[in-house]
Amino acid sequence: MSNGCADLVTMKVAVLLLALCVAAMAQHRPPEDTTPALSITVDELIWLEVGNIVRADSRISVSECKTSCDAHFSLSDALDESITDRLCQQECELAVSGHEDHFRPPGERDELIWLEVGNIIRADPRLTVSECKSSCDAHFALSDLLDESITDRLCLQECELAVSGHQDHYRPPGQRGDRDRD
């Protein structure tokens, strides 16, 4: 009987060790991810970066700001690079001048132009970028020179996307940060 008793003790010890291992593993389980997914567009990223650049040096010039911003966004696609260059220029002009639009997220400024360019292209899909931009500019003849230069650039940007058939033309400006690449 001593052999049977030893087997029973060995079995109890094995079960106890197994239970301890399971308990230890349960304590080291990574926490459940309850943080919502971060979603930020390229426009918002540039807007935030320019804000950081200007806060770091309140006496920075628009040119220096643009150079610093451009250095953060070096893209391989030429059209994408030209868009980020223009966005850096636009946001630096707003931030350095202290213009009220710098304090509003980009999507609120850009969507109206995106919608208008969509209407222009739907009315005449054979327009060139130049013709599209001229038509768009005519809708946004603003008295403030900085506002006018910003809408001019946004019209050009949206017209380039629309005329080239770039996939971003089919997404609102606030939904362009999640591009799928083939």
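Bear in mind that the values here come from a model prediction, so they are computed numbers and not experimental data. (Residues numbered from 1 in each chain as written. Predicted model: local features only at pLDDT ≥ 70, side-chain atom pairs only at ≥ 80, totals over all residues. Heavy atoms only, no water.)

**Points about the pattern of salt bridges**
The tally for this structure, following the rule as stated, stands at five salt bridges. As a salt-bridge pair, Glu160 and Arg86 come within 2.6 Å of each other at their nearest N and O atoms. Within this pair, whereas Glu160 is found in helix H7 (residues 145–164), its partner Arg86 is found in helix H4 (residues 78–97), the two being separated by 74 residues in sequence. A salt bridge links Asp124 to Arg126; the shortest N-O distance between them is 3.9 Å. By relative accessible area, which is 27% here, Asp124 ends up partly exposed. Its relative accessible area of 74% is what places Arg126 among the exposed residues. (Salt bridge = Lys/Arg side-chain N within 4 Å of Asp/Glu carboxyl O. Helix = DSSP H or I, 4+ residues; strand = E, 2+ residues; numbered from the N terminus. Buried < 20%, exposed > 50% of the residue type's maximum accessible area, 1.4 Å probe, protein only.)

**Quick notes on the state of the cysteines**
Throughout the structure, instances matching the rule amount to four disulfides. Linked covalently through their sulfurs, Cys69 and Cys88 form a disulfide whose S-S length is 2.0 Å. Across the S-S bond of Cys69 and Cys88 the torsion is about -65°, and the bridge reads as left-handed. You can see Cys69 sitting in helix H3 (residues 62–72) and its partner Cys88 sitting in helix H4, a full 19 residues away along the chain. There is no split in this pair, since Cys69 and Cys88 are both buried. (Disulfide = S-S within 2.5 Å.)

**Here's the deal with the environment of Ser97**
Looking at where Ser97 falls in the secondary structure, it is placed in helix H4. Note on Ser97: relative accessible area 47%, which makes it partly exposed. Residues Ser97 and Val62 lie 35 residues apart in sequence; the distance between their C-alpha atoms is 8.5 Å.

**Considerations on the packing of helix H2 (residues 42–56) against H4**
It is at 9 Å that the axes of H2 and H4 come closest, and there the two elements cross at 45°. Considering their axes alone, H2 and H4 lie oblique with respect to each other. Like other packed secondary-structure pairs, H2 and H4 cross with a definite hand, here right-handed. Touching Val42, Asp43, Ile46, Trp47, Val50 and Val54 of H2 are Thr84, Leu87, Cys88, Glu91, Cys92, Ala95 and Val96, all from H4. (Axes fitted to C-alpha atoms, helices over the stretch in contact; angles between N-to-C directions. Parallel < 35°, antiparallel > 145°, perpendicular 65-115°, else oblique. Left-handed = near helix turned anticlockwise from the far one by under 90°. Contact = heavy atoms within 4.5 Å.)

**Points about the packing of H2 against H3**
For the pair H2 and H3, interaxial distance at closest approach is 10 Å and the crossing angle is 130°. One way to sum up the angle between H2 and H3 is to call them oblique. When the axes of H2 and H3 are compared, the crossing they make is right-handed. For the pair formed by H2 and H3, the contact residues are Ile46, Glu49, Val50, Ile53 and Val54 on the first element and Cys65, Ser68, Cys69 and His72 on the second. Considered class by class, the residues forming the contact of H2 with H3 number six nonpolar, two polar and one charged. (Nonpolar A, V, L, I, M, F, W, Y, C, P; charged D, E, K, R; others polar.)

**What about the confidence of the model for the protein?**
On average, residues of the protein score 75 in pLDDT, and 61% of them are at 70 or above. The secondary structure element of the protein with the lowest average pLDDT is helix H1 (residues 2–27), at 64, and the one with the highest is H3, at 90. (pLDDT = per-residue confidence, 0-100.)

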